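A structural walkthrough
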Amino acid sequence: MSTPKQVLEFCAKHEVKFVDLRFIDLPGVWQHMSIPIGQLTEESFSQGLGFDASSIRGWQSIHESDMLLVPDPSWPVLDPFTSVPTLILFGDARDPVTCAPYGRDPRGVARRAEAYLQAGRLADTAYFGAEAEFFIFDNVRFDQKEHHGFFFIDAEEGCWNSGREEDNLGYRPRFKEGYFPVPPTDHYQDLRSEMVLKMQAAGLQVECHHHEVATAGQAEIDLRFNTLLKTADSMLLYKYLAKMTAYQYGKSVTFMPKPLFQDNGSGMHTHQSLWKDGQPLFAGDQYAGLSQLALYYIGGLLRHARALAALIAPTTNSYKRLVPGYEAPVNLAYSQRNRSAACRIPMYSASPKSKRVEFRPPDPACNPYLAFSAMLMAGLDGIKHKIDPGPPLDKDIFELSADELARVPVMPATLDEALNELEMDHDFLLEGGVFTHDLIATWIEYKRLKEVDAIRLRPHPYEFALYYDI
């Protein structure tokens, strides 16, 4: 943790020339503006710096574009990729007239979620640990016009022959068989290690890295859990460092949930727990060593999961991952081991401090500030209303009878369905002013217009194979 004075001293010590202020748009893409170091003063951390927010997706309209960006001094990061010494600072958006936090700033939502938790005195800390998966490709081409549409992926590690004469199909993981093979089948050991070193230098605590289940360089780098806001900040830094390291190697990283047909997609399993006065609140003598409070929290996640889907699996592509048969958590149940259940209770350790719930439906395309905040609000609603999660699902989902399977609720099948659920079920998000009616309405409108309708209106290449000769 740093103060404004310490940040300026840090800049002087490292001969920083520019400060890069980072913030996030509504869909979840990091934005930035750079200022010469001489423009950053101690007053900047309270008064903010002006910028035009009218072109930021989901933010202000043109007639009210002026906005303030207030640097957060708590986590200064030296950018390892710029040729000129540059410092990264997270920023919070404020209204220039009232100086109040901007209601559509996703980072502000996360701050309000933590404040709401502490105001209720139930707990003082919500810990989140997110496991974001991604793919490493060599080349990606795509286009969509009135008369054509295509995508093409070239991957050094892909188990297909791209047509290049020099292709060598030896030592490539097959579809759904990429989990944990050593090199040379795992082509990206060194690249992931380089990513980890850059993450550690930036202050991220990395627990491990490995190849994931899919072919074509699917990877996972696990970060240690932290508070809600810090974990959301960490995910943005994580994405930036992974993408830029790969870019330096001539590769391309994507956090798109399902870029490959007939292979596993990329999830972002999110571990959650509540603590108070340094003590874990999820440990107890109930199922899987959980407390009753933890079970109520799970009840809230499951009760609101179909509405949460619009925020935690927020793309049309997300629902190509959330299908049976690819280890995707489509079933709205909980279990201590069953990875097809939406909520899993890890059993690696009996320590009370390790007791947590892993919510598996989220994917890394989400805006982490909104997603983590929404999950916390659902869990707290479960505690508030003592929502019983029902019996656990410890059976193999594929061995359930048709009658048993029909009694297990499932995640939405499309983004459009998820948005409809959010439209009907969002009162729990409004508690304490954490989310606002305006933000939720803007989110639903943006997603329907820019994504759902945009995909629905365009012919799909496979439709030609299905229907051209009909």
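The structure reproduced in this document is the subject of the present report. (Residues numbered from 1 in each chain as written. Predicted model: local features only at pLDDT ≥ 70, side-chain atom pairs only at ≥ 80, totals over all residues. Heavy atoms only, no water.)

Across its full length, the protein chain carries 14 helices and 18 strands. Computed over C-alpha atoms, the radius of gyration of the protein chain comes to 23 Å, within 12% of the 23 Å expected from 2.2 N^0.38 for 470 residues, which places it in the range of a compact globule. For the protein chain, the C-alpha atoms occupy an extent of roughly 65 × 60 × 45 Å along the three principal directions. Out of the 470 residues belonging to the protein chain, those deemed buried represent 54%. Within the protein chain, contacts between residues separated by at least 24 positions form 69% of all contacts whose residues are at least 6 apart in sequence. (Helix = DSSP H or I, 4+ residues; strand = E, 2+ residues; numbered from the N terminus. Rg over C-alpha atoms; globule rule 2.2 N^0.38 Å. Buried < 20%, exposed > 50% of the residue type's maximum accessible area, 1.4 Å probe, protein only. Contact = heavy atoms within 4.5 Å.)

One pass over the full model with this rule turns up 1 cavity of 30 Å³ or more. Approximately 40 Å³ is the volume found for the largest cavity. Arg22, Phe23, Ile24, Trp30, Phe90, Gly91, Asp105, Arg107 and Tyr369 are the residues that line the largest cavity. Contributions of two or more residues to the lining of the largest cavity are made by strand 1 (18-24) and strand 6 (86-94). (1 Å grid on protein atoms, 1.4 Å probe; cavity = no way out; pocket = protein on both sides within 12 Å on 5 of 7 lines; lining within 4 Å. Points joined across faces, edges and corners; volume = space filled by probe spheres on them.)

On to a nonpolar patch on the surface, then. Where nonpolar side chains cluster on the molecular surface, the patch consists of Tyr462, Leu466, Tyr467 and Ile470 and spans about 510 Å² of accessible area. Residue placement: Tyr462 occurs in helix 14 (residues 461-467). Overall, Tyr462 belongs to the exposed group, its relative accessible area being 51%. (Patch = residues over 30% accessible without salt bridge, like charges linked within 9 Å, V, L, I, M, F, W, Y side chains within 5 Å. Areas by Shrake-Rupley, 256 points an atom, 1.4 Å probe, with all protein chains shown as cover. Salt bridge = Lys/Arg side-chain N within 4 Å of Asp/Glu carboxyl O.)

Once that is clear, we can look at the pattern of salt bridges. All chains considered together, the criterion is met by 22 salt bridges. Across the salt bridge formed by Arg22 and Asp20, the nearest N and O atoms sit 2.5 Å from each other. Of the two residues, Arg22 and Asp20, both sit in the buried class. The partner of Asp438 in a salt bridge is Arg104, with the nearest N and O atoms 2.7 Å apart. A residue pair is termed long-range when its members are at least 10 positions apart, and Asp438 in helix 13 (residues 437-456) and Arg104 in the loop between strand 6 and helix 3 (106-119) qualify at 334 residues. Judged by its relative accessible area of 17%, Arg104 is buried. Each of Asp72, Asp92, Arg107, Arg111 and Asp233 takes part in one network of salt bridges that share partners.

Attention now moves to the nonpolar core. Ranked by internal contacts, the top residues of the largest apolar core, which has 103 residues, are Met195, Met199, Tyr238, Leu274, Leu376 and Phe435. Non-local contacts of Tyr238, meaning those with residues more than four positions away in its chain, are made with Ala132, Phe134, Met199, Leu204, Glu220, Ile221, Leu223 and Phe255. Within the second largest apolar cluster, 20 residues are counted, among which are Val7, Leu40, Leu49 and Phe51. (Core = buried A, V, L, I, M, F, W, Y, C linked by side-chain atoms within 4.5 Å.)

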